Amino acid sequence: MNLEVRWVEDLLTLERERSISKAAEKRFISQSAFTRRIQQIEEMIGAEVIIRNNKNNIEFTDIGRILLVMSKNIEKQVEETAKLIKNIKNETESTIRLCVVHSLDSG
């Protein structure tokens, strides 16, 4: 299975917008391109992800809801990793290291 990160973002956007056309607009792609992406996900897993009642009312199938949970977990992990990296970067940038050479010359 080869899941693309953009599919995670697409699913999360579709859940928020509940409309293929609005989700496509938020993702800055055409509606047909967005629909193809959803179809690619469905082809990859071999099952429908959404129930297409009409373009204004999107519902997720049971499998689609499982993918949404996975997508939210991935999104959370990415956000936590970015936060961790930022904290580490800030710590290393704000650290001042001093080296002092001591001399015990009695002279």
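Refer to the structure printed above.
**Q** Is there a simple way to explain the side chain of Thr13 in this structure?
**A** The topology assignment puts Thr13 in helix H1 (residues 5–17). Since its relative accessible area comes to 6%, Thr13 is described here as buried. Engagement of the side chain of Thr13 in a polar contact is seen with the backbone oxygen of Glu9, the distance being 2.8 Å. Setting aside residues no more than four positions away along its own chain, Thr13 makes contact with Ala23, Lys26 and Arg27.

**Q** Can you help me understand the packing of H1 against helix H3 (residues 31–45) in this one?
**A** Relative orientation and spacing of two packed helices are given, respectively, by the angle between their axes and the distance between those axes. Taken N-terminus to C-terminus, the directions of H1 and H3 make an angle of 115 degrees; their axes are 10 Å apart at the nearest point. Comparing the axis directions of H1 and H3 gives the class roughly perpendicular. Crossing of H1 over H3 shows left-handed handedness. Facing H1, whose interface residues are Arg6, Trp7, Asp10, Leu11 and Leu14, H3 presents Phe34, Arg37, Ile38, Gln40, Ile41 and Met44. Each residue belonging to the contact of H1 with H3 can be placed in one class, and the counts come to seven nonpolar, one polar and three charged.

Conventions adopted
- Residues numbered from 1 in each chain as written.
- Predicted model: local features only at pLDDT ≥ 70, side-chain atom pairs only at ≥ 80, totals over all residues.
- Heavy atoms only, no water.
- Helix = DSSP H or I, 4+ residues; strand = E, 2+ residues; numbered from the N terminus.
- Buried < 20%, exposed > 50% of the residue type's maximum accessible area, 1.4 Å probe, protein only.
- Polar contact = N/O pair within 3.5 Å; in protein donor to acceptor, adjacent residues only side chain to side chain.
- Contact = heavy atoms within 4.5 Å.
- Axes fitted to C-alpha atoms, helices over the stretch in contact; angles between N-to-C directions.
- Parallel < 35°, antiparallel > 145°, perpendicular 65-115°, else oblique.
- Left-handed = near helix turned anticlockwise from the far one by under 90°.
- Nonpolar A, V, L, I, M, F, W, Y, C, P; charged D, E, K, R; others polar.

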